[in-house]
Amino acid sequence: MGYDGPMGKRRNNKSAGARGGYGSLRDMLREDEGTRGEGASAKGASGKGGKKARGTSRREGSRPGGAADRRRGGSASDSSVNVPAPLTGDAHTRIAIIGGGAAGLAAAVVAARELGERGLHEAAGVVVFEADERVGRSILATGNGRCNFSNSSVDASLYRNPEFVADALRALADDGAARLKARGLACDPGEDPVLRFFEDLGLAWREEGEGRLYPATGKASTVVDVLRAAAADAGALEACGRRVVAVEPPDEEGGLFHLRFADGSIEHAAAVIVTVGGKHALGGSDRSGCGSSAAASLLPERYAAEPTRPVLGPLRVREEAPRRLDNIRVRARVRLADDAPFGMTKAEERGEVLFRSYGVSGICIFNLSRFAEPGDALLIDFLPQVERTRLRRYLVERARRLAAPKGIGGGTRAPITYEALLRGLLLPQIGHAVLEEAGLDPHALLDADDLPALERALSEFPLTVEGIGDERQCQVLRGGLAVEAFEPRTMESRLDACLFAAGEALDVDAPCGGYNLHWAWASGLIAGAAAARRIADRGAEHE
């Protein structure tokens, strides 16, 4: 459920293929009412006997994001410096999460809670290994610091590898519904389990245009705060400044994974969740010679991976027109065609286009960049409010209206130039660019024979894609581990038991609008829960 501001009305958020969810205050109250008469108390996720799972950071007596930090007035997103040291505890019950971004933190919360519910919080350990000096930094950079953390209408068909995503979202919904049923609680079929998870963490949010969901505070740090606090309270540890460079699966069934670090140290774990995305910090290339994802670089050669490339960013074009239109914004419909100038349509978007010296930017261009390749054509319709089939009639009627006699006494019709026809309809710079593309003199008188050329320039202003305009602005790297090697209902590898992947580690991406972060949370929740169950089941087998 979401909130339109901190005190807004509660509403349901429907998500295709994703229903059910995790516990909330409402459910706790319901559960308490149902057990009060019998003298029982709800235990929630604190483990057997009502004991609360505890975690410790590397600095003795300090738990990042825990109660001690909050009493000192700090926030869970404050930077934490951890001194690398060998982990304590039993590696045979340890879950190692590689990457402290969105998927990694979600996995840490649910894995630690799941172990606590099974009474394993003292024997098992959930550790998040992060190469940076703090976790959650990638989250802080999203949405211009506001964090568009999800969308009210998630649809699996919007994603790359949509069948895999649909199966995963369905599994998350089924798991959430089963949890509620086991606790004797009703499941709202319209509730999204990811949003239910964040409600349980105490996050309030508001919905903006096109279903985009933002924290009510307007700060991405709020999302990081609630995640870190929940992970620490459940007993998960943060190990920052520790860069994993290789994950070696066990040599025998039931053995331990070997995690090799950049500083030469080695740690072991019974289960590993790989959530890292983006280019590997050590650089280099993959087996195809293209950019390699961090996940592909960590795992053995038998794991197929799609080469990575930056998407959801601006596009560089061949033509000079954008340079003269630099920093001008227009509302337009943009069609991406597979062959300049007028090939078959690959994708189409509506929205704001921002011209830059190197090409074009804006959310609709970011979305088209997922499909664009060098040589493709961007065809800009500067009059999206006018149906293409009506455009010529619209121009003729506009010319007649402008040429009509003005004033009470009437008079003769005034001749209309092309510049006058477009004045008030387009910005002057855009109008001049359109006329130049059509090969028309702005000061020439309107000629019916020239209308087809003007019509084309207005509705299909052509630009030729050369590539990404500025990789630093790209929000996602396309590519990653091939989804065929992973089971969507658990995110577990089909090649190595107890090895999981989530988030950007997998070859999944989506348009702007909160969909990519939604996938990170969803896949992280699935992987974390599945890994914890694996550990618990293994422990039961050895008892």
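Residues numbered from 1 in each chain as written. Predicted model: local features only at pLDDT ≥ 70, side-chain atom pairs only at ≥ 80, totals over all residues. Heavy atoms only, no water.

Trainee: Describe empty space enclosed by the protein, naming the residues involved and giving the relevant values.
Mentor: Across all of its chains, the model carries two cavities of 30 Å³ or more by this definition. Reported here for the second largest cavity is a volume of approximately 30 Å³. Lining the second largest cavity are Leu-105, Ala-108, Val-128, Ala-231, Ala-236, Leu-237 and Glu-238. Those elements that provide at least two residues to the lining of the second largest cavity are helix H3 (102-117) and strand S8 (237-240). Residue composition of the lining of the second largest cavity, by class: six nonpolar, no polar and one charged. (1 Å grid on protein atoms, 1.4 Å probe; cavity = no way out; pocket = protein on both sides within 12 Å on 5 of 7 lines; lining within 4 Å. Points joined across faces, edges and corners; volume = space filled by probe spheres on them. Helix = DSSP H or I, 4+ residues; strand = E, 2+ residues; numbered from the N terminus. Nonpolar A, V, L, I, M, F, W, Y, C, P; charged D, E, K, R; others polar.)

Trainee: Kindly report on the environment of Ala-532, identifying the contributing residues and their values.
Mentor: Structurally, Ala-532 can be placed in helix H15 (residues 515-541). Leave out the neighbours within four places in its chain, and Ala-532 touches Ile-95, Ala-111, Glu-114 and Leu-115. (Contact = heavy atoms within 4.5 Å.)

Trainee: So what's going on with the pattern of salt bridges? Which residues, and what values?
Mentor: On inspection of all chains with the given rule, the structure shows 33 salt bridges. A salt bridge links Lys-346 to Asp-376; its shortest N-O distance comes to 2.7 Å. Of this pair, Lys-346 sits in strand S16 (residues 345-356) while Asp-376 sits in the loop between helix H10 (363-368) and strand S18 (377-381), and the two are 30 residues apart along the sequence. Among the residues examined, Asp-376 registers a relative accessible area of 3% and is labelled buried. Here the salt bridges share partners, and the residues they tie into one network are Glu-114, Arg-118, Asp-175 and Arg-533. (Salt bridge = Lys/Arg side-chain N within 4 Å of Asp/Glu carboxyl O. Buried < 20%, exposed > 50% of the residue type's maximum accessible area, 1.4 Å probe, protein only.)

Trainee: Run through the sheet that holds strand S14 (residues 315-317), naming residues and quoting values.
Mentor: As summarised here, the arrangement of the six strands in space is S14-S17-S16-S15-S18-S19, forming a closed barrel in which the pairing is antiparallel. This sheet shows a mean twist of 45 degrees between the axes of neighbouring strands, independent of strand direction. Judged from the three bridges that link them, S14 and strand S19 (residues 461-468) form a sheet pairing that is antiparallel. By the bridge assignment, Leu-315 is partnered in S19 with Ile-468. Helix-sheet contacts for helix H13 (residues 428-438) involve strand S15 (329-337), S16 and S19, and the interaxial angle to S19 is about 100 degrees. Each of S18 and S19 touches helix H14 (residues 451-459); the most contacted strand, S18, lies at about 105 degrees to it. (Pairing = 2+ DSSP bridges. Axes fitted to C-alpha atoms, helices over the stretch in contact; angles between N-to-C directions.)

Trainee: Describe the packing of aromatic side chains, listing the residues and the values that go with them.
Mentor: One pass over the full model with this rule turns up eight aromatic pairs. Relative to Trp-205, the ring of Phe-149 has its centre 5.7 Å away and its plane inclined at 65 degrees; by these criteria the two rings are edge-to-face. Taken together, the positions of Phe-149 in the loop between helix H4 (137-140) and strand S5 (150-151) and Trp-205 in strand S6 (residues 205-207) put the pair 56 residues apart, joining distant regions of the chain. The exposure classification of Phe-149 matches that of Trp-205, with both residues buried. Judged by centre distance (5.4 Å) and plane angle (65 degrees), the ring pair of Phe-382 and Phe-461 falls under edge-to-face. Of this pair, Phe-382 sits in the loop between S18 and helix H11 (391-403) while Phe-461 is found in strand S19, placing the two residues 79 residues apart along the sequence. The same class applies to Phe-382 as to Phe-461, namely buried. (Phe/Tyr/Trp six-rings, centres within 6.5 Å; stacked < 30°, edge-to-face > 60°.)

Trainee: Hey, could you go over unusual backbone geometry for me, with residue numbers and the actual values?
Mentor: Of note, Cys-147 is a non-glycine position whose phi angle comes to about 65 degrees, a positive value. Note on placement: Cys-147 falls in the loop between H4 and S5. Its relative accessible area of 0% is what places Cys-147 among the buried residues.

Trainee: Can you tell me about the packing of H11 against H14, naming the residues and giving the values?
Mentor: Packing of H11 against H14 brings their axes to within 10 Å, and their N-to-C directions diverge by 115 degrees. Regarding the angle of H11 to H14, the classification is roughly perpendicular. The handedness of the crossing between H11 and H14 comes out as right-handed. Contacts between H11 and H14 involve Leu-391, Arg-392, Leu-395 and Val-396 from the first element and Leu-451, Pro-452, Leu-454, Glu-455, Leu-458 and Ser-459 from the second. (Parallel < 35°, antiparallel > 145°, perpendicular 65-115°, else oblique. Left-handed = near helix turned anticlockwise from the far one by under 90°.)

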